[in-house]
There are 4 protein chains.
Amino acid sequence: MITAFEKTVPFYDVDPMRVMWHGNYVKYMEEARCAFLAERNMTYNDMEKYGYAFPVVELKVKYIRPCVFGQRLIIKTRLDACDSFLVFKYEFVDAETGEKLCKAQTKQMCVCLKTKESLFEIPERIRKQLGGK
Amino acid sequence: MITAFEKTVPFYDVDPMRVMWHGNYVKYMEEARCAFLAERNMTYNDMEKYGYAFPVVELKVKYIRPCVFGQRLIIKTRLDACDSFLVFKYEFVDAETGEKLCKAQTKQMCVCLKTKESLFEIPERIRKQLGGK
Amino acid sequence: MITAFEKTVPFYDVDPMRVMWHGNYVKYMEEARCAFLAERNMTYNDMEKYGYAFPVVELKVKYIRPCVFGQRLIIKTRLDACDSFLVFKYEFVDAETGEKLCKAQTKQMCVCLKTKESLFEIPERIRKQLGGK
Amino acid sequence: MITAFEKTVPFYDVDPMRVMWHGNYVKYMEEARCAFLAERNMTYNDMEKYGYAFPVVELKVKYIRPCVFGQRLIIKTRLDACDSFLVFKYEFVDAETGEKLCKAQTKQMCVCLKTKESLFEIPERIRKQLGGK
């Protein structure tokens, strides 16, 4: 139920303090989430074809240990809720030592692309495919 | 006690759904925070000269209304706590209508650059200059 | 005929060598170009309304002196050609000393949004408004 | 002599025209270059240990075909010159069709980290390890 996404910290994401700049984690979270969705055959493009978008409405990140240039990270992603919202939880660990580096969470709302309306329920088709109960 | 920082949403920060990509808010929050600090004569460079760095250890964002290309935003920043941690709160509003677009918060720890140790207290010098009690 | 766009180098655009990361200049060039276009009442949104997009097909940058965190830059933009392509030239200078920091150039093609065809001529309406001969 | 680096276009790098934003290619070029260097046991960190940095002094990109979200790219990197400067050439192709998408080039100068002086010659140690003549 967990998708592990590997990422090597690129030079351009590292700041003058020689650690990955804190805003860049959000990019990796999205890549990890897309890997999770791809494994379940439900990419952003699929969602769009079905007529939905899933904008992020809430974001929480706890930074535990800094990441450095060239460090190999594993981002473990799991779907924590899939009823009113899509809630994903992320754990960043060092690929070699397994040391925990960061914990994060995103909450996504479902929007109908045709009507532009917010739905406060994840459509069944998507819920089932993502393995939500 | 609030610093208002103005920013126009650039094209390159807008995603295929034609709204500002959610991770980019974190960049503007840092610019707004730097504007807040500059107004109080305490830039990152000053902090470093005094021997400290202030890594972000926690980040929370609530997205209320999407932002679009060319939209003029005001990011209002205030210091919410300045004892064990630096806690900043941010409010994104539309520069013309004043409509609330986003609320966010960052928590920064103080690290001594020489010893690399985490201090669980903001140094008095910095606290006073930032207007913390 | 030149638009001067001011930009302060943000922390998040600075790399571990403590200079602005070289890829980030391209972002500022786009902001400077958009400022140029806005001054002539021809934003990307206007272009789109007229049915055109102008993808960048060529980019050249010469880095002369590094930029550092907090440095105020002026990016001077001028339209160098406006016949088959839109060609903009950019000069980055230090806002205080006027020292030249970077020279760059972009070439944009016109694409018809309806037919998706490349036009090898800038439409007259746009050419006139941008002050091309 | 060529290093092939694979990259899948992430959502956050795609712009409102639904193609990868042109400035983002520069990020992938750096990742591809770092993969090239890593294969030859000469990372940025190694270079720094030897006392050198290699800032990019020139950048040229020709965009041939747009890239879209989720597209798998191969970036082929080769060292084109290694005497006064490090010159890398890059070719972006679609991972499945092999279609050519972009051609680019970077030129890097050698700087001595101790003296901050520009060297107009690539140090022999580095030249040999990179397979330059």
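Not measured: the values here are computed from a predicted model.

Trainee: Help me out: how do you make sense of the packing of aromatic side chains in this one?
Mentor: Describing an aromatic ring pair means giving the distance of the ring centres and the angle of the ring planes. Counted according to the given criterion, the structure contains 40 aromatic pairs over all chains. Ring centres of F11 of chain D and F69 of chain D lie 5.6 Å apart, and the angle between their planes is 85 degrees; on these two criteria the pair is classed as edge-to-face. In this pair, F11 of chain D sits in the loop between β1 (3-8) and α1 (25-39) while F69 of chain D sits in the loop between β3 (56-63) and β4 (72-82), placing the two residues 58 residues apart along the sequence. Of the two residues examined, F11 of chain D and F69 of chain D, each falls in the buried class. Ring geometry for Y25 of chain D versus Y63 of chain D: centroids 4.8 Å apart, planes at 80 degrees, classification edge-to-face. Residue Y25 of chain D is located in helix α1, and its partner Y63 of chain D is located in strand β3; the two are separated by 38 residues in the primary sequence. The burial state of Y25 of chain D is the same as that of Y63 of chain D; both residues are buried. The ring of Y50 of chain A has R125 of chain A lying over it, and the distance from NZ or CZ to the ring centre is 3.7 Å. When the ring centre of F85 of chain C is taken as origin, the NZ or CZ atom of K107 of chain C, which lies over that ring, is 4.5 Å away.

Trainee: Sorry, what's going on with the relation of the copies chain B and chain A here?
Mentor: Relating one copy of the chain to the other requires a rotation about an axis plus a shift along that axis. With an axial shift of 0.0 Å and an RMSD of 0.0 Å, the rotation relating chain B to chain A amounts to 180 degrees. The operation mapping one copy onto its partner corresponds to a two-fold rotation axis. Within chain B, the C-alpha atom positioned nearest to the axis of rotation is that of K60 of chain B, 2.3 Å from it. Same-surface contact between copies: 100% of interface residues of chain B are shared with the interface of chain A.

Trainee: Quick question: what am I supposed to make of the side chain of D13 of chain A here?
Mentor: Residue and element names in this part refer to chain A. Relative to the elements of secondary structure, D13 occurs in the loop between β1 (3-8) and α1 (25-39). According to the relative accessible area criterion, D13 is buried, its value standing at 3%. Not counting residues within four places of it along the chain, the set of residues in contact with D13 comprises V19, M20, W21, N24, K27 and Y28.

Trainee: How should the interface of chain B and chain A be read in this particular structure?
Mentor: Where interface size is quoted, it is often the accessible area lost as the parts come together. The interface of chain B with chain A comprises 18 residues on the first partner and 18 residues on the second. Summing both partners gives a buried area of about 1700 Å² for chain B against chain A, and 65% of it is carried by carbon and sulfur. When the buried surface of chain B facing chain A is broken down by residue, W21, H22 and L59 of chain B rank first, second and third, together holding 30% of it. The salt bridge involving K62 of chain B is made with E58 of chain A; its shortest N-O contact spans 3.2 Å. Residue assignment for the side of chain B that touches chain A shows that the elements contributing at least two residues are α1 (25-39) and β3 (56-63) of chain B. Per-element accounting of the side of chain B that touches chain A gives the leading share, eight residues, to β3 of chain B. Its residues assigned to classes, the side of chain B that touches chain A comprises 10 nonpolar, two polar and six charged. By the bridge criterion, five bridges tie strand β3 (residues 56-63) of chain A to β3 of chain B in an arrangement that is antiparallel. Paired with K62 of chain A across the two strands is E58 of chain B, which belongs to β3 of chain B.

Trainee: I would appreciate a short explanation of the pairing of strand β5 (residues 86-94) of chain A in the present structure.
Mentor: The side chains of a regular strand alternate between the sheet's two faces. Residue and element names in this part refer to chain A. Across the nine residues that make up β5, a large majority, seven, are buried. Sheet analysis places strand β4 (residues 72-82) next to β5, joined by nine bridges and oriented antiparallel. Counterpart to L79 in the pairing with β5 is F88. Between β4 and the antiparallel strand that follows it, β5, lie three residues. Alignment of β5 against strand β6 (residues 100-108), held across eight bridges, turns out to be antiparallel. Looking at the pairing, F88 lines up with T106 of β6. In textbook terms, the turn of a hairpin is the stretch between consecutive antiparallel strands, and for β5 and β6 this stretch comprises five residues, one of which, G98, has a positive phi near 75 degrees.

Trainee: Where do I start with the sheet that holds strand β2 (residues 52-53) of chain D in this structure?
Mentor: To summarise the sheet geometry, strands pair through backbone hydrogen bonds and adopt either a parallel or an antiparallel arrangement. All names here are of chain D. Strand order in the open sheet formed by three strands is β2-β7-β8, and the pairing between neighbours is antiparallel. Edge strands, defined here as strands with exactly one partner in the open sheet, are β2 and β8 (118-119). Both strand β7 (residues 110-112) and β8 contribute to a ladder of two bridges, which runs antiparallel. Each residue of the ladder has a partner; that of V111, found in β8, is S118.

Trainee: Explanation requested: the environment of F85 of chain D in the structure shown.
Mentor: Inspection of the secondary structure puts F85 of chain D in the loop between β4 and β5 (86-94). Distance in space between the C-alpha atoms of F85 of chain D and F54 of chain D is 9.0 Å, their sequence separation being 31 residues.

Trainee: Teacher, can you tell me more about the nonpolar core here?
Mentor: One broad trend across soluble globular proteins is that nonpolar side chains are buried collectively. Grouped together as the largest cluster of nonpolar side chains are 161 residues, with contacts concentrated most on F92 of chain A, F92 of chain B, F92 of chain C together with F92 of chain D. Tallying contributions element by element places helix α1 (residues 25-39) of chain C first for this core, with nine residues. Judged by nonpolar contacts, the second largest core, of six residues, contains A81, F85, V87 and V111 of chain A.

Trainee: For this particular structure, what's the right way to read the side chain of H22 of chain C?
Mentor: Along the chain, H22 of chain C turns up in the loop between β1 (3-8) and α1. With residues near it in sequence (within four places) discarded, H22 of chain C still touches Y63 of chain C together with V26, E30, R33 and V56 of chain D.

Trainee: Just checking my understanding: could you explain the pattern of salt bridges for this structure?
Mentor: Between side chains of opposite charge, a pair can form when the charged atoms approach closely. Under the counting rule described, the total for this entry stands at 64 salt bridges over all chains. For K7 of chain A, the salt bridge identified is with E31 of chain A, shortest N-O distance 2.8 Å. A residue pair is termed long-range when its members are at least 10 positions apart, and K7 of chain A in strand β1 and E31 of chain A in helix α1 qualify at 24 residues. Like K7 of chain A, the residue E31 of chain A is buried in the burial classification. Of the charged contacts, one joins E30 of chain C and R33 of chain C as a salt bridge, the two residues approaching to 3.4 Å between their closest N and O atoms. In this pair, E30 of chain C and R33 of chain C both sit in helix α1, three residues apart, roughly one turn of the helix. Sharing partners across several salt bridges, the network here consists of E58, K60 and K107 of chain A together with K62 of chain B.

Each value, and the rule that gives it
- Residues numbered from 1 in each chain as written.
- Chains lettered and ligands numbered in written order.
- Predicted model: local features only at pLDDT ≥ 70, side-chain atom pairs only at ≥ 80, totals over all residues.
- Heavy atoms only, no water.
- Phe/Tyr/Trp six-rings, centres within 6.5 Å; stacked < 30°, edge-to-face > 60°.
- Helix = DSSP H or I, 4+ residues; strand = E, 2+ residues; numbered from the N terminus.
- Buried < 20%, exposed > 50% of the residue type's maximum accessible area, 1.4 Å probe, protein only.
- Lys NZ or Arg CZ within 6 Å of the ring centre and 35° of its normal.
- Least-squares fit on C-alpha atoms with pLDDT ≥ 70 in both.
- Contact = heavy atoms within 4.5 Å.
- Buried area = accessible area lost by both parts, 1.4 Å probe.
- Salt bridge = Lys/Arg side-chain N within 4 Å of Asp/Glu carboxyl O.
- Nonpolar A, V, L, I, M, F, W, Y, C, P; charged D, E, K, R; others polar.
- Pairing = 2+ DSSP bridges.
- Core = buried A, V, L, I, M, F, W, Y, C linked by side-chain atoms within 4.5 Å.

These results come straight from atomic positions and should not be treated as a statement about function.
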